[in-house]
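# Tertiary structure, described
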Number of protein chains: 4
Amino acid sequence: MVIIMQTGAPESEVDAVLRAVEGAGFRPWVNPGVERKVIALLGAVDAEKAELVDHFSALPGVERVTLISEPYKLASRRTRAEPSLVDIGTVAIGGPRLTVIAGPCSVENREQMIETARTVKQAGANALRGGAFKPRTSPYSFQGLGVAGLQILAEARELVGLPIVTEVLHPNDLDDIVQYADIIQVGARNMQNFRLLQEVGQTGKPVILKRNPGCRVRDLLMACEYVMLEGNPNVILCERGITTFEDATRYTLDLNAIPVMKRLSHLPVIADPSHATGDWHYVKAVALAAVAAGADGLMIEVHPNPAAALSDGPQSLRPDKFSDLMQSLTGLATAIGRELPVPCE
Amino acid sequence: MVIIMQTGAPESEVDAVLRAVEGAGFRPWVNPGVERKVIALLGAVDAEKAELVDHFSALPGVERVTLISEPYKLASRRTRAEPSLVDIGTVAIGGPRLTVIAGPCSVENREQMIETARTVKQAGANALRGGAFKPRTSPYSFQGLGVAGLQILAEARELVGLPIVTEVLHPNDLDDIVQYADIIQVGARNMQNFRLLQEVGQTGKPVILKRNPGCRVRDLLMACEYVMLEGNPNVILCERGITTFEDATRYTLDLNAIPVMKRLSHLPVIADPSHATGDWHYVKAVALAAVAAGADGLMIEVHPNPAAALSDGPQSLRPDKFSDLMQSLTGLATAIGRELPVPCE
Amino acid sequence: MVIIMQTGAPESEVDAVLRAVEGAGFRPWVNPGVERKVIALLGAVDAEKAELVDHFSALPGVERVTLISEPYKLASRRTRAEPSLVDIGTVAIGGPRLTVIAGPCSVENREQMIETARTVKQAGANALRGGAFKPRTSPYSFQGLGVAGLQILAEARELVGLPIVTEVLHPNDLDDIVQYADIIQVGARNMQNFRLLQEVGQTGKPVILKRNPGCRVRDLLMACEYVMLEGNPNVILCERGITTFEDATRYTLDLNAIPVMKRLSHLPVIADPSHATGDWHYVKAVALAAVAAGADGLMIEVHPNPAAALSDGPQSLRPDKFSDLMQSLTGLATAIGRELPVPCE
Amino acid sequence: MVIIMQTGAPESEVDAVLRAVEGAGFRPWVNPGVERKVIALLGAVDAEKAELVDHFSALPGVERVTLISEPYKLASRRTRAEPSLVDIGTVAIGGPRLTVIAGPCSVENREQMIETARTVKQAGANALRGGAFKPRTSPYSFQGLGVAGLQILAEARELVGLPIVTEVLHPNDLDDIVQYADIIQVGARNMQNFRLLQEVGQTGKPVILKRNPGCRVRDLLMACEYVMLEGNPNVILCERGITTFEDATRYTLDLNAIPVMKRLSHLPVIADPSHATGDWHYVKAVALAAVAAGADGLMIEVHPNPAAALSDGPQSLRPDKFSDLMQSLTGLATAIGRELPVPCE
């Protein structure tokens, strides 16, 4: 941590800061002889001490405090240099093999879910998604089938042999979700629902943590800490678009964030082009790009009949478009030294 | 709702849309004789039907679907033309008298809270804030005193006679909060935690709903519907800054949003300049501006010793700065035809 | 400037940085004995040296370089502690008296301009705006009357006695503009048209520099340097809204920026609520707020018949609405210790 | 265009709008019998009429006006269905062969430029970039060599046989630039310098138009109209990052914009990962992604010694990193059915 004093801050203020630094257990180191003092803290300012930034910032005479190390720890590359692999049964996300999680936004009924499961399995997906509890912007919209939806998902897994990803919205639903699902998704709107993160962490299950569209990469990595501190290292980061002024698409996929996350963290990173664009026309291009940028996998909304979908129809791919995407992905994966699962017969 | 077809969409696609419109219970009305068809829905497309936008958007040949009415209902000015008043005991927020809610970010201990309560009461505040459960970005930071904090808040209320605002983070804490607090705050990070909103709605208590920094005004108004549909009309909107590219301040207060919310909704609107700026230097200017723009009240962080605060020190006003703000507010309020409470002796 | 080395950067890289620092004429100061080195530069790193940040950032082993002082100089409060006054004839912008610059977006014809001039003068405005050269997003839109428009503006000045503000778009127009106008406006789209800024600086005329909606406050202050380095200190900063994800208004007025600019710079600051909102419904609220936040003046679009305006009709106030705004401003100004001009008889 | 009236707008206001629509030469079409009127305009509302949106929006009783067609014309896919090819000598941008434009930010001296030219040619680039006139944020920074820089560029072209891209900042420089350069770049800061766009259009030379970081895709396409209306169809769109709240990188590459531009316009699209990220660590990943998303080419900053660069060192690739990128691109190009030039011997 580096504390920058205001120009001409009186000696008494500099002294008070030095005492505060020592009081916090650090040895201060201050530049000699110039008008503007800079105080460096000797000793490791680890994640537990990051909030000293606020403390020192509020002292009289302090202009600015800069944190040198990142405020997250367990998610950081500095804690673990090699990439983490999260095993979801069919694949270890984070290794050379790409993960494609596909399925409808919501589980609507048995037929829709089973049909979609068969289709995406055949096209080469290695996990199945479907929402049983749905966080809808409007209370007047379809809110999901709840436990009945989980049971349909479990049946689909049984039939096609793919692990299941579903989202948790409320702590009370967690027991049911743990019973039926293989991977728990924490949605973008709950990325900073810290208590939920802790409870999800305690389940030990693999967790897909979606970036909130208004949060920075470092906020996402801080949110991981809440899960990982509970002893659960199986966190998968998911970029799904941020809010910007551009309105030609629903969100703006933050492509830069993919190599940034891979550099700052050892955790696997996937991308969700369906939510990032909000429009199926752009899903294929953005999906290919995310993989080319280094994403370890994708999450794609697929629906047998998007116009009849109870949610997210406009961004869902029809089965034939999904197969086409998978074929293009296969060529791309080879070109960049990754692999895709072989579609089934 | 207006459905705009793609240029040259074949008649079969137009027909399919017309059938879908009729199937949804509306009478379609389509422009004659031009290359590009526009289909208007006759009949009220109320909030319950807003998701038809997605449905129609996903039909072949559809270029774009425009919702004419807002997708929220109970929060809308069209449902209630006159402003709503929310009674919090000392004041009815939304009327001519301004509300100033002040206090520390976190309840840290009995002395700090009682001292702050006395100070802000004396300066003219009409409600007291303090966090017992704290949503901190870092799991390594102070997380609040929990129920012990609520009890200190209740004691402060007893002593100074001001109602208490505190934030809920987890459904399990709601019973305790209802027992001790007068107004429940739903923080920015939980604005779209829809299940929590429903549970807060069921308490019937006044609710301050803070805008998520990545969400639009209309998303905030949609979130209100979750509270209000449970039969709780006592919702207070709070603008607390949005995420933008400007980094001279922590967030950007969306000043425009104040008159926008007042025009679109009948609910009272307050502003939180402390979080919106993240820097006490700017709190006074922004507070005065928010009131000049039509805000019904303010939420201000005050701490007897910001440098020792366990959270949000840099944005907290010292008691003397808070008194100064209250004096300036008094003059301003008179100039714009509003009133402030008289400071106590 | 503070240079932060990567953790474990080898001694050879630290040495190379130290040599580079010395080569640039500074004495480096480096913290003893810890794994991560921090190098501070002793000696003033003034605006001329700010680009060393890029130079040092590109050296091997460097993690990050932090500039301690602002990269602008002439516009900075550190160069001049007391506020600058810019004299525009009727008023010195930056003093206790507020400036209200009003008029149509474009000069459309003699009648429209003269009528508006009389109206706004009567309501108490102290300067007149009107565009002769118009930067329109579409080449198919009205582009302004050119020199004929300047002549109409000059006639209006003659008749009502208010100084004239008009925008420059092209260096070739500058001679004409200098001949007719009292204050030159550099529009938001040209804020970083640095060559134009230099040429405007050379005229010595007061300059209103509007913030580009995608630029930070510090970029605006850097742009001022281009004008001021030419020997022209008469720069007026104008906040007119930034681009954000919120689409209820055309732009988001960055209210925080008003006290931020006043703190970082000695230059006067005005606000343009017409462009910031794009909707006349919100102009009054936002105008009052900007003044309450400390703005030294306002720029308001007024049109005798907004529905017939050739540009910016939806955000223009009708004369009666403008008078109403001026009356409210008068009360507000008094409350905050400022003055407004007395409307004429 | 569709005009949506306010709920309960009186018949007199509806009539006034109908008369205005007819006055503008359209036949209005209004829905029967419901409380809220919707007025559609029959007849083509082409780009020349787009400003009627403002006109109708300002009429009493109008809630909102929606433009159905895009406000740009020459750049639109509707005007030309097949992709445009822009011939720059070595390649026709927009066809199957990818374009890679590489070189330093600024021409610093003869040696640096010639060396870079040889290097990038050898690695397979098919055009050369270098700035002679530099738009620097700070007036205290290196501003380019001017005409001497153009001459060095011309010499480099002579030696390596690659066409030259350079940026224009001021109309007065245009003659010199036309004499020496093959492709004229209009930088992000001048994207809405409409007069400059017209003058560049008149040269007939291929133009790379970089998106301003605060502007929407449709603003970029409107800016193209200024060039194309002068009779110059040779416009190349360039995505180079937008301003967002994320600060881990300098800008956020708007990846979505690549397929969006390809769908809305027939013009070729390239991407600039160097400016979009501001950090060479991320250039390769983002470059590959842009091509995977459908970009027709890339613009990459390369410098023989980034730490000694007079501008943009931190985002410049060293020659070996550039060669590595070109090799990865070759594999990727094949996988997606595109081609790259063969590196020279």
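Described in the following lines is the structure provided in the data block. Note that the structure is predicted; figures quoted are calculated from it, not measured. (Residues numbered from 1 in each chain as written. Chains lettered and ligands numbered in written order. Predicted model: local features only at pLDDT ≥ 70, side-chain atom pairs only at ≥ 80, totals over all residues. Heavy atoms only, no water.)

Residues and elements named next belong to chain B. Phi angles above zero are rare outside glycine, and Asp 312 is one such case at about 60°. As for its placement among the helices and strands, Asp 312 is situated in the loop between β14 (297-301) and α11 (319-335). For Asp 312, a relative accessible area of 11% puts it in the buried group. (Helix = DSSP H or I, 4+ residues; strand = E, 2+ residues; numbered from the N terminus. Buried < 20%, exposed > 50% of the residue type's maximum accessible area, 1.4 Å probe, protein only.)

For the rest of this paragraph, the subject is the pairing of strand β9 (residues 164-168) of chain B. Side-chain positions along a regular strand alternate between the two faces of the sheet. All names here are of chain B. Counting buried positions over the five residues of β9 gives five, a clear majority of the element. Strand direction decides the pairing type here: strand β8 (residues 127-129) and β9, joined by two bridges, are parallel. Looking at the pairing, Leu 128 lines up with Ile 164 of β9. Handedness of the crossover joining β8 and β9 through helix α4 (residues 147-160) is recorded here as right-handed. Sheet topology note: the β9/strand β10 (residues 183-186) ladder contains four bridges and is parallel. (Pairing = 2+ DSSP bridges. Right-handed = clockwise from strand over helix to strand, strands pointing away.)

Turning next to the relation of the copies chain B and chain A. Superposing the two chain copies requires a rotation about an axis and a translation along that axis. Rotating chain B by 180° about the axis while translating it 0.0 Å along that axis superimposes it on chain A, leaving an RMSD of 0.0 Å. In symmetry terms, the pair is related by a two-fold rotation axis. For chain B, the smallest separation between a C-alpha atom and the rotation axis is recorded for Gly 214 of chain B, amounting to 2.1 Å. Same-surface contact between copies: 100% of interface residues of chain B are shared with the interface of chain A. (Least-squares fit on C-alpha atoms with pLDDT ≥ 70 in both. Contact = heavy atoms within 4.5 Å.)

Taken as a whole and judged by the stated rule, the model has 68 salt bridges over all chains. Across the pair Arg 211 of chain C and Glu 246 of chain B runs a salt bridge whose closest N-O atoms are separated by 2.7 Å. You can see Arg 211 of chain C sitting in the loop between β11 (207-210) and α7 (217-228) and its partner Glu 246 of chain B sitting in the loop between β12 (235-239) and α8 (257-264), one on each of two chains. No difference in accessibility class separates Arg 211 of chain C from Glu 246 of chain B, as the two residues are buried. A salt bridge links Arg 211 of chain C to Glu 239 of chain C, with the shortest nitrogen-to-oxygen separation between them at 2.8 Å. One end of the pair, Arg 211 of chain C, is in the loop between β11 and α7; the other, Glu 239 of chain C, is in strand β12 (residues 235-239), with 28 residues separating them in the sequence. Among the charged side chains, a network of salt bridges with common partners joins Arg 211, Glu 239 and Asp 254 of chain A together with Glu 246 of chain D. (Salt bridge = Lys/Arg side-chain N within 4 Å of Asp/Glu carboxyl O.)

Residue and element names in this part refer to chain B. What the eight strands build is a closed barrel, ordered β7-β8-β9-β10-β11-β12-β13-β14; its pairing is parallel. Between one strand axis and the next, the sheet turns through 30° on average, direction left out of account. Where strand β7 (residues 99-103) meets β8, two bridges bridge the pair, whose relative direction is parallel. Residue pairing in the sheet places Ile 101 in a bridge with Ala 127 of β8. Helix α6 (residues 194-203) rests against β9, β10 and β11 (207-210) of the sheet, and its axis sits at about 170° to β10. Here α11 sits on the sheet in contact with β7 and β14, set at roughly 175° to β7. (Axes fitted to C-alpha atoms, helices over the stretch in contact; angles between N-to-C directions.)

What follows concerns the packing of aromatic side chains. Given two aromatic rings, their pairing is described by the distance between the two centres and the angle made by the two planes. Taken as a whole and assessed by the stated rule, the structure comprises six aromatic pairs over all chains. Measuring from centroid to centroid gives 3.1 Å for Trp 29 of chain B and Trp 29 of chain D, while their planes differ by 15°, and the two rings are stacked. Here Trp 29 of chain B, found in strand β2 (residues 27-30), pairs with Trp 29 of chain D, found in strand β2 (residues 27-30), and the two come from separate chains. Trp 29 of chain D matches Trp 29 of chain B in its accessibility class, with the two residues each being buried. Where Phe 194 of chain D meets Tyr 226 of chain D, the ring centres are 4.4 Å apart and the plane angle is 20°; that geometry is what we call stacked. You can see Phe 194 of chain D sitting in helix α6 (residues 194-203) and its partner Tyr 226 of chain D sitting in helix α7 (residues 217-228), a full 32 residues away along the chain. For Phe 194 of chain D, a relative accessible area of 6% gives the class buried. Its relative accessible area of 1% is what places Tyr 226 of chain D among the buried residues. A cation over a ring is seen here: Arg 240 of chain B above Tyr 251 of chain B, with NZ or CZ 4.3 Å from the ring centre. (Phe/Tyr/Trp six-rings, centres within 6.5 Å; stacked < 30°, edge-to-face > 60°. Lys NZ or Arg CZ within 6 Å of the ring centre and 35° of its normal.)

So, about the side chain of Glu 225 of chain D. Structurally, Glu 225 of chain D can be placed in helix α7. Summary of buried charges: Glu 225 of chain D has no salt-bridge partner, and the nearest side chain of opposite charge, Lys 73 of chain D, is 6.4 Å away. In this structure the side chain of Glu 225 of chain D is engaged in a polar contact, spanning 3.0 Å, whose partner is the backbone nitrogen of Lys 73 of chain D. Dropping the residues within four chain positions of it, Glu 225 of chain D is found in contact with Pro 139 and Tyr 140 of chain C together with Tyr 72, Lys 73, Leu 74 and Ala 75 of chain D. (Lys, Arg positive; Asp, Glu negative; His and termini not counted. Polar contact = N/O pair within 3.5 Å; in protein donor to acceptor, adjacent residues only side chain to side chain.)

Another point: the interface of chain D and chain A. The interface is formed by 38 residues belonging to chain D together with 38 residues belonging to chain A. Summed over both partners, the interface of chain D with chain A comes to about 3100 Å²; 64% of that surface belongs to carbon and sulfur atoms. Counting across the chain D and chain A interface gives eight salt bridges. If you look at where chain D meets chain A, you find 18 residue pairs in polar contact (both at pLDDT 80 or more). (Buried area = accessible area lost by both parts, 1.4 Å probe.)

Okay, the state of the cysteines next. Under the definition given, this model contains zero disulfides over all chains. Not engaged in a disulfide, the cysteine Cys 224 of chain C finds its nearest cysteine sulfur in Cys 238 of chain C; these two sulfurs lie 12 Å apart. (Disulfide = S-S within 2.5 Å.)

Before going further, it helps to examine the interface of chain B and chain A. At the junction of the two partners, chain B supplies 47 residues and chain A supplies 47 residues. In this assembly, chain B and chain A are joined by four salt bridges. Arg 136 of chain B is the salt-bridge partner of Glu 51 of chain A, the closest N and O atoms lying 3.7 Å from each other. At the boundary of chain B and chain A, one finds 16 residue pairs in polar contact (both at pLDDT 80 or more). Of all elements in the fold, only α2 (52-57), α6 and α7 (217-228) of chain B reach the threshold of two or more residues within the side of chain B that touches chain A. Per element, the largest residue contribution to the side of chain B that touches chain A is four residues, and it comes from α7 of chain B.

Turning next to the sheet that holds strand β8 (residues 127-129) of chain C. Residues and elements named next belong to chain C. Reading around the circumference, β7-β8-β9-β10-β11-β12-β13-β14 is the order of the eight strands in this closed barrel, with parallel pairing throughout. Taking each pair of neighbouring strands and ignoring which way they run, the sheet shows an average axis angle of 30°. Where helix α3 (residues 110-123) meets the sheet, its contacts fall on β7 (99-103) and β8, and the angle it forms with β8 comes to roughly 150°. The strands touched by helix α4 (residues 147-160) within the sheet are β8 and β9 (164-168), with β9 carrying the most contacts at an inclination of about 165°.

Attention now moves to the relation of the copies chain D and chain A. With an axial shift of 0.0 Å and an RMSD of 0.0 Å, the rotation relating chain D to chain A amounts to 180°. Here 100% of the interface residues in chain D have copies in chain A that are interface residues too; the copies meet face to matching face.

Let us now look at the packing of helix α11 (residues 319-335) of chain A against helix α11 (residues 319-335) of chain D. Look at α11 of chain A against α11 of chain D: their axes get within 8 Å of each other, and the N-to-C directions meet at 160°. Our classification of the angle between α11 of chain A and α11 of chain D gives roughly antiparallel. In this structure, α11 of chain A crosses over α11 of chain D, and the sense of that crossing is right-handed. In this structure, α11 of chain A uses Gly 331, Leu 332 and Ala 335 of chain A to contact α11 of chain D, whose residues at the interface are Gly 331, Leu 332 and Ala 335 of chain D. Looking at side-chain class alone, the contact of α11 of chain A with α11 of chain D contains four nonpolar, two polar and no charged residues. (Parallel < 35°, antiparallel > 145°, perpendicular 65-115°, else oblique. Left-handed = near helix turned anticlockwise from the far one by under 90°. Nonpolar A, V, L, I, M, F, W, Y, C, P; charged D, E, K, R; others polar.)

Distances and angles like these do not, on their own, reveal function.
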